[in-house]
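Residue-level listing of the chains:
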Amino acid sequence: MNRIALELWREAERAVARVEPQRGEPADSPVGRYLDPARHAAEFAALRREPHVMAPSSRLRDPGDWASDELLGVPVLAVRGDDGVLRAFINVCRHRGALVAPPMSCGAGRKRFVCPYHSWTYDSRGTCVGRPHEADFAAWSRAASALVELPVAERAGLVWVVPTSGAALCFGDGFDAIATELEALGYDGTATSPHERRFEQPSNWKLVFDANLESYHFQYAHRETIAPMFHDNLVQHRSFGRHHRIVLPKQSLAELGPVGDDAVTWELLGRHANIIYFVFPTTLLLWEGDHIDGFRATPLAPDRTQTASWMLVPARHATRCPAEYWARNWQIFWAAIDEDYALAASMQRGLGSGANTGLRFGAAEFACERFEKDVEAMLVAAP
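One structure accompanies this document, and this report is about it.

About the criteria used
- Residues numbered from 1 in each chain as written.
- Predicted model: local features only at pLDDT ≥ 70, side-chain atom pairs only at ≥ 80, totals over all residues.
- Heavy atoms only, no water.
- Phe/Tyr/Trp six-rings, centres within 6.5 Å; stacked < 30°, edge-to-face > 60°.
- Helix = DSSP H or I, 4+ residues; strand = E, 2+ residues; numbered from the N terminus.
- Buried < 20%, exposed > 50% of the residue type's maximum accessible area, 1.4 Å probe, protein only.
- Lys NZ or Arg CZ within 6 Å of the ring centre and 35° of its normal.
- Pairing = 2+ DSSP bridges.
- Salt bridge = Lys/Arg side-chain N within 4 Å of Asp/Glu carboxyl O.
- Axes fitted to C-alpha atoms, helices over the stretch in contact; angles between N-to-C directions.
- Contact = heavy atoms within 4.5 Å.

The final tally for this structure, using the stated rule, is 26 aromatic pairs. Centre to centre, the rings of Trp205 and Phe209 are 6.2 Å apart; their planes meet at 80°, and the pair counts as edge-to-face. Of this pair, Trp205 and Phe209 both sit in helix 5 (residues 205-212), 4 residues apart, which is roughly one turn of that helix. The burial state of Trp205 is the same as that of Phe209; both residues are buried. Geometrically, the ring pair formed by Phe280 and Phe371 is edge-to-face, given 6.3 Å between the ring centres and 65° between the ring planes. Of this pair, Phe280 sits in the loop between strand 16 (273-279) and strand 17 (283-287) while Phe371 sits in helix 11 (residues 366-381), and the two are 91 residues apart along the sequence. Its relative accessible area of 1% is what places Phe280 among the buried residues. Residue Phe371 is classed as buried on the basis of its relative accessible area of 0%. Here a set of aromatic residues connected by ring pairs shows up, and it is made of Phe199, Trp205, Phe209, Phe278, Phe280, Phe295, Trp330, Phe333, Trp334, Tyr341 and Phe371. Across from the ring centre of Trp120, 5.1 Å away, lies the NZ or CZ of Arg131, which sits over that ring.

The following block contains the structure:
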């Protein structure tokens, strides 16, 4: 018996039995939160000081493995050094500012990164190790010409980066409990990523998460996809500081009858429930028994969001099923999430109409209101 699996199973049972149904106070979320350019600029600046998922850890497992991305307008390069240490840098040459690694790319066995403009060269630790016509730059030491380092961490099978040099890498209270729970499920540096997706979305980034922190919409927005699997407007929610865990019991759980403690396993839980982990501020992970489908959503403009998404499969499951199985699960996940994204885009088109001064969160949508309040608190705390 696994203690965490048992806890989650009992949470699912409580939801189905409607023991102490979870409700909050109805609230309005002002439309300015999703439209105002000044508000967007403040959120953008504050989010640059928060940790965001950059890539699966398995992509950066061995010395010389590297990956590049863009986080909130900052080009980022993550590299596993020849000493085995994972580092992250601003992917910008210290000479004239060109990218030293191709954007949105990854690779293996790389010992040097050479700027394509003037061939300034950096090693896997970010040190400047070569400059043509060295004497021309005597005023700038090589030490002062190293790539600018960024805070980076590995937890729950993912690489997390803060896209601001010198900022603290602080997940906030509760993250360690969530990460420990995910690691108990096998999400570590060996979890593979057979599927990925990246796209831009014509809506505010917060609308994406508002749609994924409640199940009130399931029976209507997802009637042709996942609605038949789940109960109507029924979840069991727990906050871990700014982070959330939402247990989604399936219809099949109610048909089982009582299950003893010793009979509860991860496999049983995965057949009869899904678990949403929301890591504030921009990462959502959906555990579906033998894998996680997750995404990062970050703002580009008040009405534009960048999404990067990965499937994570623990090593113990990776070889148990053919490639077609993982592809089918990926398609099912995105068939439902694309419905949420389409509705977020629909909402964005109507926000400036004047029909509503605020978006209304009902009593069952309390996690959405908590998320919006945590964004407000992030802005207040920002330097």
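Now that the structure has been shown, we can carry on.
Below, the discussion takes up the pairing of strand 2 (residues 52-56). Most of strand 2 is tucked away, with 5 of its 5 residues classed as buried. Sheet topology places strand 2 next to strand 12 (residues 158-161); 4 bridges connect them, and they run antiparallel. Bridging from a neighbouring strand, His52 pairs with Val161 of strand 12.

Before going further, it helps to spend a moment on the pattern of salt bridges. When their charged atoms lie close together, side chains carrying opposite charge are able to pair. The full count for this structure, using the stated rule, is 25 salt bridges. We note a salt bridge from Asp69 to Arg198, for which the minimum N-O separation is 3.1 Å. With Asp69 in strand 3 (residues 66-71) and Arg198 in strand 13 (residues 196-201), this residue pair connects regions lying 129 residues apart in the sequence. Of the residues examined, Arg198 reaches a relative accessible area of 38% and is grouped as partly exposed.

Read across the sheet, 3 strands follow the order 2-12-11 without closing on themselves; strand pairing throughout is antiparallel. Edge positions in the sheet fall to strand 2 and strand 11 (152-155), since each has one partner strand and no second. Strand-to-strand twist in this sheet, taken as the mean axis angle between neighbours without regard to direction, amounts to 30°. By the bridge criterion, 4 bridges tie strand 11 to strand 12 in an arrangement that is antiparallel. Note on strand 12: the bridge partner recorded for Arg155 is Leu158. The sheet contacts of helix 4 (residues 175-184) involve strand 11 and strand 12, and relative to strand 11 the element is tilted by about 50°.

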